[in-house]
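Okay, here's what each chain looks like letter by letter:
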Amino acid sequence: INYAERRTYKSLFNGFALEVSADNRKKLTQLAGVRAIYPVYNVAAPSPEEAAGSAIDLVSAITMTGAKQAQDTRGLSGNGITVGIIDTGIDIDHPAFGGSGTNGTTPFPTARVAYGYDLVGDAYNAGGAGAALVPVPDSNPDDCNGHGTHVAGIVGANGAGLKGVAPGVT
């Protein structure tokens, strides 16, 4: 990105995560370009038992955000737009993304999920120990957690009774 483009994206977060001893944190704050240091916390996803009783109401969300009006009145669907989501992956088998509905049977890439990469691998666990903390990247962005699929559904679901904000996006 050239300087002019950088100014356009000035509100985006620009940073990275690393582990630093308490002694070296102060040294980091004195480096040119460092504006702030924030702690990183592991937050566990709720178990299915904890999430029980939650209700998914995508229809209400689409209406509350104005997406329904954009879809129905203006014909906006996201066709021709490619959206990137950095999250836990995406369930490429889910019918809302053109998948077969049967786990492990939809080849990647698909018409709807054309790009993706798993930066840490299926066995990675940030809250684990030993081998669970060793990233083993692979080229299949299949979701082992569900959060990325949920987020992708809000954005672009289109099938299995679900319709996202922009159901025509890739």
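Note on numbering: residues in each chain are counted from 1, in written sequence order. Reporting in this predicted model follows two pLDDT cut-offs: at least 70 for local features of residues, and 80 or more for side-chain atom pairs to be given and counted; totals over whole chains, interfaces and linings ignore these cut-offs and use all residues. The side-chain numbers reported here are obtained from all heavy atoms of the structure, hydrogens and water having been left aside.

**Student:** Just to check I follow, could you spell out the overall build of the chain for this structure?
**Tutor:** Helix and strand labels come from DSSP, where a helix needs a run of H or I of at least four residues and a strand needs a run of E of at least two; each type is numbered from the N terminus. Counting secondary structure elements, the chain contains six helices and two strands. Sequence-ordered secondary structure for the chain, helices as α and strands as β, is α-α-α-α-α-α-β-β. Across the 170 residues in the chain, those meeting the buried criterion constitute 19%. Note on contacts: a residue pair is in contact if any heavy atoms of the two residues lie within 4.5 Å. In the chain, 52% of the contacts between residues at least 6 apart in sequence involve partners at least 24 apart. Here the chain displays about 12,700 Å² of accessible surface, and carbon together with sulfur accounts for 56% of that area. A 1.4 Å probe rolled over the protein chains alone gives each residue an accessible area, and that area as a share of the maximum for its type sets the label: buried under 20%, exposed over 50%, partly exposed in between. Each accessible area is a Shrake-Rupley result for a 1.4 Å probe, and residues are judged covered by the shown protein chains and nothing else.

**Student:** Help me understand the side chain of Asp143, please; the structure alone is not making it clear to me.
**Tutor:** One can find Asp143 in the loop between α5 (67-72) and α6 (147-156). Asp and Glu are treated as the negative residues and Lys and Arg as the positive ones, with His and the ends of the chain left uncounted. The salt bridge definition used is simple: a Lys or Arg side-chain nitrogen within 4 Å of an Asp or Glu carboxyl oxygen. Of the side chains bearing the opposite charge, Arg112 lies closest to the buried Asp143, which forms no salt bridge; the N-O distance is 15 Å. Think of a polar contact as two N or O atoms within 3.5 Å of one another; within protein, one of them needs to be a possible hydrogen donor and the other a possible acceptor, and neighboring residues in sequence only count if both atoms come from side chains. Separated by 3.4 Å, the side chain of Asp143 and the backbone nitrogen of Gly148 make a polar contact. A polar side-chain atom of Asp143 sits 2.8 Å from a polar atom in the side chain of Thr149. Those residues in contact with Asp143, other than ones at most four positions away along the chain, are Thr88, Gly89, Ile90, Asp91, Gly148 and Thr149.

**Student:** How should I be thinking about the nonpolar core in this particular structure?
**Tutor:** Inside soluble globular proteins, nonpolar side chains tend to come together where they are buried. Ile90, Ile92, Ala96, Phe97, Val113, Ala152 and Ala157 form the largest nonpolar core, which has seven residues in total. If near-sequence neighbours (up to four positions away) are discounted, Ile90 is found in contact with Phe97, Val113, Pro141, Asp142, Asp143, Thr149 and Ala152. Among buried residues, the Ala, Val, Leu, Ile, Met, Phe, Trp, Tyr and Cys ones that are joined through side-chain atoms within 4.5 Å form a nonpolar core.

**Student:** What is the right way to read the environment of Gly15 from this model?
**Tutor:** Structurally, the position occupied by Gly15 is in the loop between α1 (3-8) and α2 (22-29). Under the relative-accessibility criterion, Gly15 is labelled partly exposed at 42%. Taking C-alpha positions, Gly15 is 9.1 Å from Val34, a pair spaced 19 residues apart along the chain.

**Student:** So what exactly am I meant to see when it comes to the pattern of salt bridges here?
**Tutor:** Note that side chains of opposite charge can pair when their charged atoms are close. For the coordinates displayed, the defined rule picks out one salt bridge. The salt bridge involving Asp72 is made with Lys68; its shortest N-O contact spans 2.6 Å. Taken together, the residues span about one helical turn, with Asp72 and Lys68 both in helix α5 at a distance of four residues.

**Student:** Could you clarify how one ought to interpret the confidence of the model for the chain in this entry?
**Tutor:** Reading predicted coordinates in detail is not appropriate for stretches of low pLDDT. For the chain, per-residue confidence averages 85 on the pLDDT scale, and 85% of positions sit at 70 or higher. Confidence of the predictor in every single residue is expressed as pLDDT, which spans 0 to 100. The least confident element of the chain is α1, whose mean pLDDT is 50; the most confident is strand β1 (residues 158-159), at 93.

**Student:** What's the story with unusual backbone geometry in this structure? I'm lost.
**Tutor:** Most peptide bonds take the trans configuration, and most residues that are not glycine carry a negative phi. Cis geometry marks the peptide bond from Phe108 to Pro109; its omega dihedral reads 0°. The residue Pro109 is located in the loop between α5 and α6 in this model. For Ala160, which is not a glycine, the phi torsion comes out positive at approximately 55°. Within the fold, Ala160 resides in the loop between β1 and β2 (162-163).

**Student:** I'm lost on the environment of Tyr38 in this one. Help?
**Tutor:** Considering the arrangement of structural elements, one finds Tyr38 in the loop between α2 and α3 (48-51). Sequence separation between Tyr38 and Ala17 is 21 residues, and the spatial gap between their C-alpha atoms is 9.1 Å.

**Student:** How do you make sense of α6 when you look at a structure like this?
**Tutor:** A turn of α-helix holds 3.6 residues, and therefore any two residues three or four places apart point the same way. Of all the positions in α6, only Gly148, Thr149, Ala152, Gly153 and Gly156 are classed as buried. The arc that holds every buried residue of α6, seen down its axis, measures 140°, which confines them to one face. In this description, the arc belongs to the directions extending from the helix axis to the C-beta atoms.

**Student:** Help me understand the environment of Phe108 in this model?
**Tutor:** Relative to the assigned elements, Phe108 resides in the loop between α5 and α6. C-alpha of Phe108 to C-alpha of Pro141: the two residues are 33 residues apart in sequence and 8.5 Å apart in space. Once you skip the residues sitting within four places of it in the chain, Phe108 turns out to touch Ile92, Val113, Ala114, Tyr115, Gly116, Ser139, Asn140 and Pro141.

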